[in-house]
Every structure is written in structure tokens, then in C-alpha cells.
Amino acid sequence: DGWCEPEIMRAAALTMKPKPALAALEKAMTRAAEGQALGWQLRIATSLAELYAAGGKPERARAVLEPVLGQFQEGLQTRDTRKGRTIVKRVAAGAE
């Protein structure tokens with residue numbers, strides 16, 4: 001029951017303007033962490049990182065995404081993990 005709620009919250013946040021989207025994504029991240037839903041955490045962290053990067057905050061983007069990516073021991077070649085690593089590399093290159 002409610003296992004996909006964090007993903008639904010993430011999808012809804014993507015339709016919002018940046019400031020409310022950030023708040024909604026933070027709430028979704030909390031919900032995903034409470035449910036120990038690492039896959040949802042990664043998708044939410046990726047969305048957060050994209051918003052932070054677009055807002056000129058590459059350090060914050062990395063700070064939110066790297067810890068989640070670091071928890072993965074399996075599934076390192078899935079679309080979601082590849083996308084997350086690509087964003088980390090992109091914001092790292094832009095921050096230099």
C-alpha cells in the first residue's frame with residue numbers, strides 16, 4: 001500500500017515551478033527514505049540534482065545525488081544509475 005507514493009510525488013513535482021518543486025521533491029525523498037525505497041530515492045535525487053544544477057548550484061546537486069548513488073551495490077548499469085552518474089560528472093565539470 002502506497003509503495004509508489006514517492007514516485008507519484010516526484011512526477012507531480014516535475015510539473016511545478018522550481019521553488020515548490022524543490023520542496024515537493026524533498027518531501028518525496030523523505031517518504032522514499034522512510035520506506036527504504038532506494039530506487040525511488042535515486043530518481044528523486046536525480047530530479048533534485050537537475051533542478052539544483054539548473055539553478056546554478058552544482059555543489060548542492062552533487063551533495064544530494066552522490067550519497068544515493070554510493071548506496072548501490074547492484075544495478076550499476078540501469079538507466080537510472082547511468083543518468084545519475086552522468087549528472088554528477090556534468091555538474092563536477094561545470095563546477096571546476
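Residues numbered from 1 in each chain as written. Predicted model: local features only at pLDDT ≥ 70, side-chain atom pairs only at ≥ 80, totals over all residues. Heavy atoms only, no water.

K.L.:
For this particular structure, what's the right way to read the packing of helix 2 (residues 18-34) against helix 3 (residues 38-54)?
P.N.:
For any two helices packed against each other, one specifies the crossing angle of their axes together with the interaxial distance. Direction vectors running N to C along helix 2 and helix 3 enclose 160 degrees, while the axes themselves pass 9 Å from each other. Relative to helix 3, helix 2 is oriented roughly antiparallel. Crossing of helix 2 against helix 3: the hand is left-handed. The residues of helix 3 that touch helix 2, namely those facing P18, A21, L22, L25, E26, A28, M29, A32 and A33, are W40, Q41, I44, A45, S47, L48, L51 and Y52. Its residues assigned to classes, the contact of helix 2 with helix 3 shows 14 nonpolar, 2 polar and 1 charged. (Axes fitted to C-alpha atoms, helices over the stretch in contact; angles between N-to-C directions. Helix = DSSP H or I, 4+ residues; strand = E, 2+ residues; numbered from the N terminus. Parallel < 35°, antiparallel > 145°, perpendicular 65-115°, else oblique. Left-handed = near helix turned anticlockwise from the far one by under 90°. Contact = heavy atoms within 4.5 Å. Nonpolar A, V, L, I, M, F, W, Y, C, P; charged D, E, K, R; others polar.)

K.L.:
Just checking my understanding: could you explain the nonpolar core for this structure?
P.N.:
When a protein is soluble and globular, its nonpolar side chains tend to lie buried together. Membership of the largest hydrophobic core comes to 24 residues, with the highest contact counts inside it found for I44, L48 and L65. Those elements that place two or more of their residues in this core are helix 1 (5-13), helix 2, helix 3, helix 4 (58-69) and helix 5 (79-95). Considering every element that reaches this core, the biggest residue donor is helix 3, with 7 residues. With near-sequence residues (within four places) excluded, L48 lies in contact with L22, L25, E26, M29 and V64. (Core = buried A, V, L, I, M, F, W, Y, C linked by side-chain atoms within 4.5 Å. Buried < 20%, exposed > 50% of the residue type's maximum accessible area, 1.4 Å probe, protein only.)

K.L.:
So what exactly am I meant to see when it comes to the confidence of the model for the protein chain here?
P.N.:
Close inspection of predicted coordinates is inappropriate in any region flagged by low pLDDT. Residues with a pLDDT of 70 or more make up 97% of the protein chain, whose mean pLDDT is 93. Put simply, helix 5 is where the protein chain has its lowest mean pLDDT, 91, and helix 1 is where it has its highest, 97. (pLDDT = per-residue confidence, 0-100.)

K.L.:
Can you help me understand helix 4 in this one?
P.N.:
Given 3.6 residues per helical turn, the α-helix brings residues three or four places apart onto the same face. Its 12 residues place the ends of helix 4 16 Å apart at the C-alpha level, agreeing with the 16 Å of an ideal helix rising 1.5 Å per residue. Regarding helix 4, the residues found buried are P58, A61, V64, L65, V68 and L69. Within helix 4, the buried residues cover an arc of 135 degrees as seen down the axis, which keeps them to one side. (Expected span 1.5 Å × (residues − 1). Arc of directions from axis to C-beta.)

K.L.:
I keep staring at the environment of E50 and nothing clicks. Help me out?
P.N.:
Topologically, E50 is positioned in helix 3. A C-alpha to C-alpha distance of 15 Å links E50 and A12, two positions 38 residues apart in sequence. Excluding anything up to four places from it in sequence, E50 contacts K83 and I87.

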